[in-house]
Structure formats: C-alpha cells, structure tokens
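Notes for the structure review
Take a look at the letters that make up each chain.
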Amino acid sequence: MDVWAHDRWRIPLPAGHKFPIDKYRLLRERVQDSVTVHESEAVPWEWLAEVHEADLLERIRTGTMTLREIRGLGLPWSEVLVERGRRSVGGTVAAARRAVEHGIGMNLGGGTHHAGRDFARGYCLFNDVVVTLARLRSEGAVQRALVVDCDVHQGDGTAQLLRPDRDAFTLSLHGARNYPFERIPSDLDVDLPSGTGDDEYLRVLSESLDVALDAGVPDIAFFLAGADPWEGDRLGRLALTKAGLRARDELVLDRLLETGAPVVVVLAGGYAPDVVDTVDINAATVAAVAARDTARLS
Ligand SMILES: [Zn+2]
C-alpha cells in the first residue's frame, strides 16, 4: 500500500497553538513499517487556480493576506506554510491517481475542507479534494464525484465549490454546534446533536450513505476521515469512541468500494489533548485502508 506524507514541512507555531503539527510526523513514523510512504510533491499554482480565486492565491503566495484573513485561517503566514499547503494538495492528487489505478489511495494529510473559492480559513489554505477533482477531470480520468466528509466540522469550503456542480455530491456529517457557525450548504448536511455516540452516529451515517449513493454512482469518491468526532477531542462536540471511529471507517470504505469507484482517503482534523490519541485514530484508518488494498490485490 502506498501513502503520501508531507510532514517534513513543519510550520512554525506559537507555543500552545491548537493546530496538531506533530501528528503528521508521528503518524508517518507509526505506519511506515506497514505501508510505503512517499513524499508529496508541491502542486503547481496553475492547478490551484483552477479552483481558487487568483487574487486570494496571490495574497497567499506573497504573504499579503489581510489581518482578518490570517485570523480566520488560524495559522501564521510563513513560506513553509505555503509550501506545506501545496504539498498537502499534492499528496491528495497522488493518492487519487493511485486510487484510479489500484482502487484505493490515501494521503497522510489533506482534507482541508474549509478552504473555498475566495477564502482560506479554519486551518485550511487550499481545498485539496476539489483541486484534485478538477485536475483529474481535466485529464479526463473521472467526471462524477462523491465527497463523504466525516470530519466533526461542516465542510463549508467544499460545499461552496461543489454544490453548484451537477456532477458532484457532497455529504457532510458533523456536530450541529461545531464550527463553522455560518454554513454554506452541502448537497446533504447532517447536523448531529452534541454528545452523539457510536450507535446513533453509525445508524445516521449508513442512512446518509444510502441517500448519497442513490444520487448516482460516482467515478471517484473522497472520504474525509476526521479524527475529531472522538469523545475526547478539544474542538469537537460528538462522543465517538475509537472503536466507533474504526467502525465508521470500515462502513464508509466498504460502501464506497462496493460501487467500484476509486476511493481516496484524507485525514482532515483531529485535536485530542494528547496528540497520540489522534495518531491512534488516524493509524487505524490507515490500517483499514491497507487491509482493503490487500484484499483487492489477492
Ligand atoms: Zn475538523
């Protein structure tokens, strides 16, 4: 199983910052004996410009984002922030190409779903999933797409970019009282009450997947396997256990793979007080993906 990582590009952050920069290195170290880790390449600016507004990209590239934009992003600007952002997208493009070829692919990063056409916010600089979809479409590899967003936060950037798109269906399952507080509607948004646990979550997820898959068989499916629906998460209000999150991953992967579509898995968020808990959840996702990869090759 091949996966992609960009953890060598480490952004400087002030002490006590909530962004879990360590999880990327720790996850790569955790899984590198069981999967083949490739270094993600930076995507060209032209690929980003297929999705994001030129003025926004120019401000990001030159470090001239407004104070308001920087505050909304939640990360200090630096050259490495920009390089890391381009490599994060590159990891999803590479994982998607692998998925088209072999059925499944995974980026040990990405899932930056709060980035929209003209905004970069909520720790998300570029929308890796939508840039990847645009790229693969322009190469003629795929057309119809399904995005299953299981991060605890609603996928507002992806919704903005793909809702007008007739060949894309966006499903977001998230905490009703979690960020972002002003929503941009997905094709299907599921607002879950604070404290929702494993059984109820899995029941609603299964029903939502029925709806999403009834909308049409995709040529490619993206799964944002956020670790932040976990009960201990600092920025999430749901209450899934690690076993519940594993069951979630298995349910989504199996339902998507059943359609015959290539499946691309990205990490999205995870803000456990001890980063090791987030890494546990992400590593279980990697194991679930690798298990299905082996099954398909045998
Ligand atoms: Zn999140």
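Residues numbered from 1 in each chain as written. Predicted model: local features only at pLDDT ≥ 70, side-chain atom pairs only at ≥ 80, totals over all residues. Heavy atoms only, no water.

**Some details on the overall build of the protein**
Rule in force here: Here a strand is any run of E in DSSP of at least two residues, a helix any run of H or I of at least four, and the numbering for each starts at the N terminus. Throughout, radius of gyration means the C-alpha value; the globule benchmark is 2.2 Å times the number of residues raised to the power 0.38. Exposure is judged per residue with a 1.4 Å probe applied to protein chains only, and the accessible area is read against the type maximum: over 50% gives exposed, under 20% gives buried, and values in between give partly exposed. Any pair of residues with heavy atoms lying within 4.5 Å of one another is described as a contacting pair. Using a 1.4 Å probe, accessible areas were evaluated by the Shrake-Rupley method; residue-level cover was limited to the displayed protein chains. For this count, His and the chain ends are skipped, Lys and Arg are scored as positive, and Asp and Glu as negative. The atoms used to mark charge sites are NZ of Lys, CZ of Arg, CG of Asp and CD of Glu.
Of the regular secondary structure elements, the protein holds 10 helices and 8 strands. Since a compact globule built from 298 residues should have a radius of gyration of about 19 Å, the 17 Å found for the protein is in line with a globular shape. Taken along its principal axes, the extent of the C-alpha atoms in the protein is 45 × 40 × 40 Å. When the 298 residues of the protein are sorted by exposure, 58% land in the buried category. Within the protein, contacts between residues at least 6 apart in sequence are counted, and of these 76% link residues at least 24 apart. Carbon together with sulfur atoms contributes 48% to the accessible area of the protein, which is approximately 11800 Å² in total. Here the protein holds 34 positive side-chain charges and 46 negative ones, and the gap between their average locations is 3 Å.

**Quick look at the pattern of salt bridges**
Just so we agree on the cut-off: One side-chain nitrogen of Lys or Arg within 4 Å of one carboxyl oxygen of Asp or Glu is enough to make a salt bridge.
In total, this model carries 26 salt bridges according to the counting rule given. Overlapping salt bridges, with partners in common, bring together Arg30, Lys242, Asp277 and Asp280 in one network.

**Remarks on helix α3 (residues 54-62)**
Residues separated by three or four positions in an α-helix point in the same direction, a consequence of the helix having 3.6 residues per turn. What counts, and what does not: Each direction from the helix axis to a C-beta atom contributes to the arc, which is the arc of those directions.
Considered for burial, the residues of α3 that qualify are Leu56, Leu57 and Ile60. Looking straight down α3, one finds its buried side chains confined to an arc of 100 degrees; they lie on one side. Among the exposed residues of α3, those pointing more than 90 degrees away from its buried face are Ala54 and Asp55. As for α3, its buried residues are in contact with α2 (45-49), α4 (67-73) and α5 (79-102). Looking one or two residues past α3, Gly63 carries a phi angle of roughly 70 degrees, positive in sign.

**Here we look at the coordination of the zinc ion**
The condition is simple: Counted as coordinating are nitrogen, oxygen and sulfur atoms within 2.8 Å of the metal, or 3.2 Å for Na, K and Ca, while water is not included, which may make sites look incomplete. Geometry is assigned from the angles between donors: four donors with all angles from 85 to 135 degrees make a tetrahedral site, four or six donors whose opposite pairs exceed 155 degrees while the rest stay between 65 and 115 make square planar or octahedral sites respectively, and everything else is labelled irregular.
Surrounding the zinc ion are the protein donor atoms Asp151 (OD), Asp151 (OD), His153 (ND1) and Asp228 (OD), at 1.9 to 2.7 Å. Coordination at the zinc ion is irregular: its 4 donor atoms span angles of 54 to 150 degrees at the metal. All donors of the zinc ion belong to a single chain; written as a sequence motif, their spacing is D-x1-H-x74-D. Here the two residues Asp151 and His153 agree in accessibility, since each one is buried.

**Focus: the environment of Lys23**
As a reminder, the rule being used: We call two N or O atoms a polar contact when they sit within 3.5 Å, provided that within protein one can donate a hydrogen and the other can accept it, with sequence-adjacent residues counted only if both atoms are side-chain atoms.
Relative to the helices and strands, Lys23 resides in helix α1 (residues 22-31). For the pair Lys23 and Leu209, spaced 186 residues apart in sequence, the C-alpha to C-alpha distance is 29 Å. Not counting residues within four places of it along the chain, the set of residues in contact with Lys23 comprises Leu267, Ala268, Gly269, Gly270, Val275, Thr278, Val279 and Asn282. Within the structure, the side chain of Lys23 is placed 2.9 Å from the backbone oxygen of Ala268, a separation counted as a polar contact.

**Topic: the sheet that holds strand β3 (residues 104-107)**
We apply this condition: Strand pairing requires that DSSP identify at least two bridges connecting the strands. Axis geometry follows a simple rule: fit a line to the C-alpha atoms, using only the stretch in contact for helices, then measure angles between N-to-C directions, giving values from 0 to 180 degrees.
Taken in spatial order, the 8 strands make up an open sheet running β2-β1-β3-β8-β7-β4-β5-β6, and their pairing is parallel. Two strands bound the open sheet, and with one partner strand each, they are β2 (36-39) and β6 (188-192). Across the sheet, the mean angle separating the axes of adjacent strands is 15 degrees when strand polarity is ignored. Both β3 and strand β8 (residues 263-266) contribute to a ladder of 3 bridges, which runs parallel. The residue bridging Gly105 from the neighbouring strand is Val264, located in β8. Along the sheet, helix α9 (residues 242-258) makes contact with β3, β4 (145-149), β7 (220-224) and β8, crossing β7 at roughly 175 degrees.

**Quick word on the UniProt feature "domain: Histone deacetylase" (unreviewed entry) in the protein**
We apply this condition: UniProt positions are given in the numbering used here, feature names are shortened, and annotations may be inferred rather than shown by experiment.
In the UniProt entry, the feature "domain: Histone deacetylase" (unreviewed entry) is given for residues 26-277. Between the first and last C-alpha atoms of residues 26-277 the distance is 11 Å; the span itself is 42% helix and 14% strand.

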